[in-house]
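Below are the chains, spelled out letter by letter.
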Amino acid sequence: MHADKPKIDLGVNIDHIAVLREARKINDPDPLMALAICAQAGADQITIHLREDRRHIHDDDAFRIIASSPIPVNLECSIDSEIISIVCTLKPHRATLVPEKRSEVTTEGGLDVSGSYHAILNAINILEKSEIEISLFIDPTAEAVELSKKLGAQWVELHTGTYANLYAMRHSALPHSHHSIEPLRLSRQELDSRLAEAFEAIQNAAEYAQQLGLKVAAGHGLNYQNVTRITTIESITELNIGQSIIARSVFTGLSRAVSDMKELCKR
Ligand code: PXP
């Protein structure tokens, strides 16, 4: 890293640990156990998403994580009034407002900042009274950036999903199943040009947001292949990454997990 370049903070999204737990509906693995490991490994922030349907992170997880985290907690949530009032009680360091659909596997895009302007404003006004820092998860467009500023958010988090999907389609032989990109058979040239456009959109939105005095984060779909290019955008000072980190940890930790069990199987 170049000495005079601003540092990028890493927020680690640990929802994916709760996803694994909920596959069995037991208490293992406990996302709380990830806190100290992530902090010790250099994470600057923990991110969790308290969904309306509580399908991964539960209120009790959020409570325990916020109460005991050694690093700031960024709580993603919808603008639903019941959720917002729970967030005010939980008092995380930051609340990131995201769109939420029951049918989605993961967050599929940024907030509809224009269409839901008044509902977002209402949520922000309530959160501000509890002195919670506010970030809006938005698509990388000038309009969304301007409206976020007008709404009084301190942060925007730019949605990198389209870039990540195009990157995977261009560079990986694996079938890719994201909803925001129509399953077209695009030529390499078309993919290159759409990938360049997606990257430029993030870069332009990040620079514009910084000019307007907003702090800029980015995330969704970032992994060990596609992240380096995003780190070249100097106005982005934080990345929130989950799936790829937790997925890698399965393989970096599997050998130790097997040998620990093998040891216990000895007579
Ligand atoms: N940022 C936001 C707002 C998200 O909703 C998510 C996914 O929960 C992430 C970042 C992390 O995305 P991923 O798990 O694909 O790294």
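The structure we're discussing is the one just above.
For the structure given in this document, a descriptive report is provided here. The structure presented is a predicted model; accordingly, all values stated were derived computationally and were not measured.

As a further point, take the nonpolar core. With 68 residues, the main nonpolar core has Leu-97 and Leu-136 as its most contacted residues. Sorting elements by how many residues they give to this core places helix 8 (residues 188-211) first, with eight residues. Contact partners of Leu-136, with chain neighbours within four places excluded, come to Leu-97, Leu-111, Ile-120, Ile-124, Ser-148, Leu-151, Ala-153, Trp-155, Val-156 and Glu-157.

On to the site of the ligand, then. Within the structure, the ligand sits among 13 residues, and His-16, Glu-157, Gly-221, Gly-242 and Gln-243 are positioned closest to it. In the model, an oxygen atom of the ligand is placed 2.9 Å from a nitrogen or oxygen of the His-16 side chain. Within the contact set of the ligand, an oxygen atom lies 2.9 Å away from a backbone nitrogen or oxygen of Gln-243. Out of a free accessible area of 400 Å², the ligand has 95% covered by protein chains. Among the residues making up the shell around the ligand, the classes are represented as three nonpolar, eight polar and two charged.

Across all of its chains, the model carries 16 salt bridges by this definition. With a closest N to O distance of 2.8 Å, Glu-238 and Arg-94 form a salt bridge. Of this pair, Glu-238 sits in strand 8 (residues 238-241) while Arg-94 sits in strand 4 (residues 94-97), placing them 144 residues apart in sequence. For Arg-94, a relative accessible area of 3% translates into the label buried.

Before going further, it helps to examine the packing of helix 7 (residues 161-171) against helix 8. Where helix 7 contacts helix 8, the two axes come as close as 9 Å, and the packing angle between them is 155°. Comparing their axes, helix 8 and helix 7 come out roughly antiparallel. Here the hand of the crossing between helix 7 and helix 8 comes out left-handed. Only Arg-188, Leu-191, Asp-192, Arg-194, Leu-195, Ala-198, Phe-199 and Ile-202 of helix 8 make contact with helix 7, whose side of the interface consists of Thr-162, Tyr-163, Leu-166, Tyr-167, Met-169, Arg-170 and His-171.

Cut-offs applied
Residues numbered from 1 in each chain as written. Predicted model: local features only at pLDDT ≥ 70, side-chain atom pairs only at ≥ 80, totals over all residues. Heavy atoms only, no water. Core = buried A, V, L, I, M, F, W, Y, C linked by side-chain atoms within 4.5 Å. Buried < 20%, exposed > 50% of the residue type's maximum accessible area, 1.4 Å probe, protein only. Helix = DSSP H or I, 4+ residues; strand = E, 2+ residues; numbered from the N terminus. Contact = heavy atoms within 4.5 Å. Near = heavy atom within 4 Å. Polar contact = N/O pair within 3.5 Å; in protein donor to acceptor, adjacent residues only side chain to side chain. Areas by Shrake-Rupley, 256 points an atom, 1.4 Å probe, with all protein chains shown as cover. Nonpolar A, V, L, I, M, F, W, Y, C, P; charged D, E, K, R; others polar. Salt bridge = Lys/Arg side-chain N within 4 Å of Asp/Glu carboxyl O. Axes fitted to C-alpha atoms, helices over the stretch in contact; angles between N-to-C directions. Parallel < 35°, antiparallel > 145°, perpendicular 65-115°, else oblique. Left-handed = near helix turned anticlockwise from the far one by under 90°.

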